[in-house]
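One-letter residues, chain by chain:
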Amino acid sequence: MYKIITILFLLFVCLRLAHAQPVSASKQACLYYANGREFLKTRDFSKAIIEYREALALDKENYILNSEYAFAFYLNKQFGNAAIIIDKAMELPTADESVYQLACQIYSAKNDLKLAKKSIEAGLDKFPNSATLLTEKANLYWSYKEDKIAINLWQKSMQLDPNMANNYYSLAIALDTNAANLARTIIYAEVYILLEPYAANTKEMKMLLLKCYIALHKQMFNTNSSPEARKKEADNTAENKYLRILKKNKYIVLGKLNLENITTLRKQAVENWKITQAENNMPALLKYQDHLLHEQLFEVYNQWLFGSYFNTEQYLIWQTQNQTQLDFLYSFFKENKLQLQ
């Protein structure tokens, strides 16, 4: 978790600072700052701390310098020093969302749940519609095994920013293949895959998606499903409508689940939705799948999703023989980013 948080926050800082404006009005402070960032990239945190300290001596009220100084201490696992610096950064009127996000992470690393909560709540008081801070709060509660609270917070964050991929990943992991939440996990896992087709976590989501279809296959031919699962299915959400359509086509997957029949099942579900549901209510994921069908890339897409998990050797052979089609699929991903809103 520490490693993931570190990478995500560093990426956030890089994006925040990708602008033409200098970090400080002091040219010398900017030079120290640039040196500090280079040392961060090479993971020489002690030298980065020295450079940031020199920069701050020239521009004490700069929230970027303060937060990255704290971040360098955090990366060096000097959490006490990091906390002192980030507290100062939070007091600055210019402090942005990333300052409160980092404060939460620092106090969480110190195992100080009270101050971690206080930091993130202070950020949400200042930025009440911040999907980033809601996600951070969810991560905090999840790390302390407050699963229900975390799930609700990820969902609230998703409503504020439907295209934030990490919420779908976290929710899919949290819900897993639980029978009562299977429909949501199927949707969340595949949405994450399409938002981040080349991310480090994509393989994990592909495997989870297949596990969901295996669990669904068992459900389809098991009349003793739990009352909780049946109640969830009765909910008139898009996810459960999709699940019911999949189950109505269970004749396609009679016998053992394989790549061919899972692809046919998913294709039939898209076609059935178009026939039985209002077109304007079609979820973005199914619209995307429909687009893949229209471009004759749906089978290739399903090979890419599941092929290596059904039979690695056969998939490698298929991959070699169908590289042109795969290149078309990769081009499709690049030119047709899934948009949830």
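Below: a short report on this structure.

Rules and cut-offs
Residues numbered from 1 in each chain as written. Predicted model: local features only at pLDDT ≥ 70, side-chain atom pairs only at ≥ 80, totals over all residues. Heavy atoms only, no water. Helix = DSSP H or I, 4+ residues; strand = E, 2+ residues; numbered from the N terminus. Buried < 20%, exposed > 50% of the residue type's maximum accessible area, 1.4 Å probe, protein only. Contact = heavy atoms within 4.5 Å. Areas by Shrake-Rupley, 256 points an atom, 1.4 Å probe, with all protein chains shown as cover. Lys, Arg positive; Asp, Glu negative; His and termini not counted. Charge placed at Lys NZ, Arg CZ, Asp CG, Glu CD. Expected span 1.5 Å × (residues − 1). Salt bridge = Lys/Arg side-chain N within 4 Å of Asp/Glu carboxyl O. Phe/Tyr/Trp six-rings, centres within 6.5 Å; stacked < 30°, edge-to-face > 60°. Core = buried A, V, L, I, M, F, W, Y, C linked by side-chain atoms within 4.5 Å. Axes fitted to C-alpha atoms, helices over the stretch in contact; angles between N-to-C directions. Left-handed = near helix turned anticlockwise from the far one by under 90°. Nonpolar A, V, L, I, M, F, W, Y, C, P; charged D, E, K, R; others polar.

The next thing to look at is the overall build of the protein chain. Within the protein chain, the secondary structure is distributed over 19 helices and zero strands. Overall, the protein chain is about 70 × 45 × 35 Å in size when its C-alpha atoms are taken along their principal axes. In the protein chain, which comprises 341 residues, the proportion classed as buried is 48%. Looking at the protein chain alone, contacts between residues at least 24 apart form 61% of all its contacts between residues at least 6 apart. In the form shown here, the protein chain has an accessible surface area of approximately 17,500 Å², with 52% of it arising from carbon and sulfur atoms. The averaged location of the 35 negative side-chain charges in the protein chain is 5 Å from the averaged location of its 40 positive side-chain charges.

At 3.6 residues per turn, the α-helix brings residues three or four places apart onto the same side. Counted at 1.5 Å a residue, the expected span for helix 15 (residues 259-276) with its 18 residues is 26 Å, and the 26 Å between its end C-alpha atoms agrees. Here helix 15 has its buried residues at Leu259, Asn261, Ile262, Thr263, Leu265, Arg266, Ala269, Val270, Asn272 and Trp273. Those residues of helix 15 that are buried lie in contact with helix 11 (182-195), helix 12 (202-220), helix 14 (238-248), helix 16 (284-294) and helix 17 (298-310).

What follows covers the pattern of salt bridges. Throughout the structure, instances matching the rule amount to six salt bridges. Notably, a salt bridge pairs Lys41 with Glu38, separated by 3.3 Å at the nearest N-O pair. You can see Lys41 and its partner Glu38 sitting in helix 2 (residues 27-41), three residues apart, about one turn around the helix. On the accessibility criterion, Lys41 (58% relative accessible area) is exposed. Here Glu38 falls in the partly exposed class, since its relative accessible area comes to 45%.

Let us now look at the environment of Tyr198. Counting through the fold element by element, Tyr198 comes out in the loop between helix 11 and helix 12. Looking at Tyr198, the relative accessible area reads 57%, which means it is exposed. A C-alpha to C-alpha distance of 16 Å links Tyr198 and Gly307, two positions 109 residues apart in sequence. Beyond its immediate stretch of four places on either side in the chain, Tyr198 contacts Tyr330 and Phe333.

Turning our attention to the packing of aromatic side chains. Under the counting rule described, the total for this entry stands at 16 aromatic pairs. Ring centres of Tyr33 and Tyr52 lie 6.1 Å apart, and the angle between their planes is 55 degrees; on these two criteria the pair is classed as tilted. With Tyr33 in helix 2 and Tyr52 in helix 3 (residues 45-58), the pair connects residues that are 19 residues apart, well separated along the chain. Owing to a relative accessible area of 0%, Tyr52 belongs among the buried residues under this scheme.

Glancing now at the nonpolar core. The tendency in soluble globular proteins is for nonpolar side chains to be buried side by side. Counting 107 residues, the largest nonpolar core has Ile186, Tyr213, Tyr242, Tyr301 and Trp304 as the members making the most contacts within it. Sorting elements by how many residues they give to this core places helix 11 first, with eleven residues. Sequence-distant contacts of Trp304, defined by excluding residues within four places in its chain, comprise Ile193, Pro197, Lys206, Tyr315, Leu326, Leu329, Tyr330 and Phe333.

So, on to the packing of helix 14 against helix 15. At their nearest, the axes of helix 14 and helix 15 sit 9 Å apart, and the two run at 115 degrees to each other. Both helix 14 and helix 15 take part in a crossing whose hand is right-handed. Of the residues in helix 15, those touching helix 14 at Ala238, Lys241, Tyr242, Ile245 and Leu246 are Leu265, Arg266, Ala269, Asn272, Trp273 and Thr276. Considering only residue class, the contact of helix 14 with helix 15 consists of seven nonpolar, two polar and two charged.

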